[in-house]
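# Structural features, examined
Take a look at the letters that make up each chain.
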Amino acid sequence: ISMPFLTLLLLFLALFPGAFNCCMKISDEIPKGILLRVERFEIQKADGLCHLEAVILYIEGRKFCVSPRIRRVKKWMKKHKHKLPRRKAHGRKQRRTKNIKKREKKQ
């Protein structure tokens, strides 16, 4: 491998870290038993670097990409919303809720 190619590859990886985490193929079927073993899941949108809509299921450190249109998967996702990684609340919201709680305690 030539040095300029290696340099470009490392630059690409630094600028687009998610480029190799996208699902390139998705399954249109999933056995019910697989859904029972899912530890967490993510939703991949078809924007930016990823060109397919997918649900990424994580089972025992492995990643499985399935279609978000599968009825069984839709139903399972509604039931397991708590397994989605949550974003941290902004500092202002946290402070406001703390202030409200303090006010309630004083009354």
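Residues numbered from 1 in each chain as written. Predicted model: local features only at pLDDT ≥ 70, side-chain atom pairs only at ≥ 80, totals over all residues. Heavy atoms only, no water.

### Regarding the state of the cysteines
By the definition in use, this model includes 2 disulfides. The disulfide partner of C23 is C65, and the S-S distance across this bridge is 2.0 Å. The disulfide joining C23 to C65 has a torsion of about -70° about its S-S bond and is therefore left-handed. Of this pair, C23 sits in the loop between α1 (3-15) and α2 (32-36) while C65 sits in strand β3 (residues 62-66), and the two are 42 residues apart along the sequence. (Disulfide = S-S within 2.5 Å. Helix = DSSP H or I, 4+ residues; strand = E, 2+ residues; numbered from the N terminus.)

### A word on the confidence of the model for the protein chain
Of all residues in the protein chain, 64% attain a pLDDT of 70 or more, and the chain-wide mean is 76. The low-confidence segment residues 88-97, where pLDDT is below 50, has 1 contact with residues more than four positions distant or belonging to other chains. (pLDDT = per-residue confidence, 0-100. Contact = heavy atoms within 4.5 Å.)

### A closer look at the nonpolar core
Residues I30, L35, V38, F41, V55, L57, I59, V66, I70, V73, W76 and M77 constitute the largest nonpolar core, which totals 12 residues. Of all the secondary-structure elements, those providing two or more residues to this core are β2 (54-59) and α3 (71-79). Excluding anything up to four places from it in sequence, M77 contacts F41 and V55. In this structure, C23, A54, Y58 and C65 belong to the second largest nonpolar core, which totals 5 residues. (Core = buried A, V, L, I, M, F, W, Y, C linked by side-chain atoms within 4.5 Å. Buried < 20%, exposed > 50% of the residue type's maximum accessible area, 1.4 Å probe, protein only.)

### Here we look at the side chain of Q44
Mapped onto the secondary structure, Q44 falls in strand β1 (residues 40-44). When its relative accessible area of 6% is taken as the criterion, Q44 is described as buried. Within the structure, the side chain of Q44 is placed 2.8 Å from the backbone nitrogen of C23, a separation counted as a polar contact. Once residues within four sequence positions are removed from consideration, Q44 is found in contact with N21, C22, C23, C50, L52, E53, A54 and I56. (Polar contact = N/O pair within 3.5 Å; in protein donor to acceptor, adjacent residues only side chain to side chain.)

### A closer look at unusual backbone geometry
Notably, E60 is not glycine yet its phi reads approximately 50°, a positive angle. With respect to the helices and strands, E60 occurs in the loop between β2 and β3. For E60, a relative accessible area of 58% translates into the label exposed.

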